[in-house]
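# Remarks on the overall topology
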Amino acid sequence: MTLDKHKLEGIPQIKEKTLPIDNFEKQLSEAGYIRRGEAPARGNRIKIWWRHKIHRRIESIYSNDGKVAITAYHVD
(Lines give C-alpha, C1' and ligand atoms only; values in the text may rest on other atoms or scores of the structure.)
Protein backbone atom coordinates (compact mmCIF):
# COMPACT_ATOMS: atom_id res chain seq x y z
CA MET A 1 0.00 0.00 0.00
CA THR A 2 2.63 2.47 -1.09
CA LEU A 3 1.21 4.26 -4.10
CA ASP A 4 1.94 7.61 -2.43
CA LYS A 5 5.65 6.83 -1.90
CA HIS A 6 6.72 6.96 -5.57
CA LYS A 7 6.78 9.90 -7.99
CA LEU A 8 5.53 8.91 -11.43
CA GLU A 9 6.80 11.03 -14.29
CA GLY A 10 4.12 13.02 -16.10
CA ILE A 11 1.41 12.92 -13.42
CA PRO A 12 0.91 14.88 -10.18
CA GLN A 13 2.15 13.22 -7.00
CA ILE A 14 -0.41 10.67 -5.81
CA LYS A 15 -1.21 11.33 -2.15
CA GLU A 16 -3.33 8.24 -1.43
CA LYS A 17 -1.81 4.91 -0.42
CA THR A 18 -4.11 3.07 -2.88
CA LEU A 19 -6.53 4.09 -5.64
CA PRO A 20 -9.40 2.42 -7.45
CA ILE A 21 -7.98 1.29 -10.80
CA ASP A 22 -10.40 3.47 -12.77
CA ASN A 23 -8.92 6.57 -11.15
CA PHE A 24 -5.31 5.34 -11.38
CA GLU A 25 -5.55 4.21 -15.01
CA LYS A 26 -7.30 7.44 -16.03
CA GLN A 27 -4.38 9.48 -14.68
CA LEU A 28 -1.84 7.34 -16.54
CA SER A 29 -3.82 7.34 -19.79
CA GLU A 30 -4.32 11.11 -19.70
CA ALA A 31 -0.55 11.51 -19.25
CA GLY A 32 0.08 9.42 -22.38
CA TYR A 33 0.90 6.05 -20.82
CA ILE A 34 -0.27 2.91 -22.63
CA ARG A 35 -0.96 -0.38 -20.88
CA ARG A 36 1.42 -2.94 -22.38
CA GLY A 37 1.00 -6.17 -20.46
CA GLU A 38 0.21 -7.99 -17.27
CA ALA A 39 1.32 -11.02 -15.31
CA PRO A 40 0.72 -12.66 -11.93
CA ALA A 41 2.65 -11.04 -9.08
CA ARG A 42 3.72 -12.22 -5.67
CA GLY A 43 1.01 -12.44 -3.03
CA ASN A 44 -1.73 -13.39 -5.51
CA ARG A 45 -1.66 -9.87 -7.00
CA ILE A 46 -1.50 -8.59 -10.58
CA LYS A 47 1.47 -6.81 -12.17
CA ILE A 48 0.76 -4.31 -14.99
CA TRP A 49 3.34 -2.65 -17.28
CA TRP A 50 2.85 0.83 -18.78
CA ARG A 51 4.86 2.44 -21.60
CA HIS A 52 5.28 6.08 -22.59
CA LYS A 53 7.02 7.75 -25.54
CA ILE A 54 9.12 10.00 -23.28
CA HIS A 55 8.90 8.83 -19.67
CA ARG A 56 10.35 5.66 -18.21
CA ARG A 57 8.28 2.48 -18.08
CA ILE A 58 5.99 2.01 -15.06
CA GLU A 59 5.28 -1.24 -13.29
CA SER A 60 2.14 -1.22 -11.15
CA ILE A 61 0.75 -3.78 -8.74
CA TYR A 62 -3.00 -4.31 -8.37
CA SER A 63 -4.98 -6.20 -5.76
CA ASN A 64 -5.82 -9.82 -6.51
CA ASP A 65 -9.32 -8.85 -7.68
CA GLY A 66 -7.89 -6.21 -10.03
CA LYS A 67 -9.89 -3.37 -8.52
CA VAL A 68 -7.27 -1.44 -6.51
CA ALA A 69 -3.86 -0.04 -7.52
CA ILE A 70 -1.55 -0.77 -4.60
CA THR A 71 1.77 0.61 -5.81
CA ALA A 72 3.51 1.85 -8.96
CA TYR A 73 7.11 2.73 -9.73
CA HIS A 74 9.45 3.33 -12.64
CA VAL A 75 11.63 0.53 -13.95
CA ASP A 76 14.46 0.83 -16.47
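Quick note: structure is the one above.
We now turn to the structure provided with this report. (Residues numbered from 1 in each chain as written. Predicted model: local features only at pLDDT ≥ 70, side-chain atom pairs only at ≥ 80, totals over all residues. Heavy atoms only, no water.)

### Quick word on the pattern of salt bridges
Side-chain pairs of opposite charge can arise where the charged atoms are in close proximity. Where we set the bar: By definition, a salt bridge exists where a carboxyl oxygen of Asp or Glu is found within 4 Å of a side-chain nitrogen of Lys or Arg. Only DSSP runs of H or I reaching four residues or more are called helices, and only runs of E reaching two or more are called strands; each is numbered from the N terminus. Each residue is placed in one exposure class: buried if its accessible area under a 1.4 Å probe, protein chains only, is under 20% of its type's maximum, exposed if it is over 50%, and partly exposed if it falls in between.
In this structure the tally under the stated criterion is 5 salt bridges. Glu25 is the salt-bridge partner of Arg35, the closest N and O atoms lying 2.9 Å from each other. Placement of the pair is Arg35 in strand S2 (residues 34-41) and Glu25 in helix H1 (residues 21-30), with a sequence separation of 10 residues. Classification of Glu25 by relative accessible area gives buried; the value is 17%. For Lys26, the salt bridge identified is with Glu30, shortest N-O distance 3.9 Å. With Lys26 and Glu30 both in helix H1, this residue pair falls 4 residues apart, about one helical turn.

### Re the nonpolar core
Selection rule: Here, nonpolar core means buried Ala, Val, Leu, Ile, Met, Phe, Trp, Tyr and Cys residues that are tied together by side-chain atoms lying within 4.5 Å of each other. Should any heavy atoms of two residues lie within 4.5 Å, those residues are considered in contact.
Formed by 16 residues in total, the largest nonpolar core has its most connected members in Phe24, Trp50 and Tyr62. Of all the secondary structure elements, the ones that give two or more residues to this core are H1, strand S3 (45-51), strand S4 (57-62) and strand S5 (68-75). Excluding anything up to four places from it in sequence, Phe24 contacts Leu3, Leu8, Ile14, Leu19, Trp50, Ser60, Tyr62, Ala69 and Ala72.

### Describing the environment of Trp50
Rule in force here: Under this definition, polar contacts are N or O atom pairs within 3.5 Å; protein pairs additionally need one hydrogen-donor-capable and one acceptor-capable atom, and for neighbouring residues in sequence, both atoms have to be side-chain atoms.
Here Trp50 lies in strand S3. Sequence separation between Trp50 and Ala72 is 22 residues, and the spatial gap between their C-alpha atoms is 9.9 Å. When near neighbours in sequence (up to four residues on either side) are disregarded, Trp50 contacts Phe24, Glu25, Leu28, Ser29, Tyr33, Ile34, Arg35, Arg36, Arg57, Ile58, Ser60 and Tyr62. Of the polar contacts made by the side chain of Trp50, one reaches the side chain of Ser60; its length is 3.2 Å.

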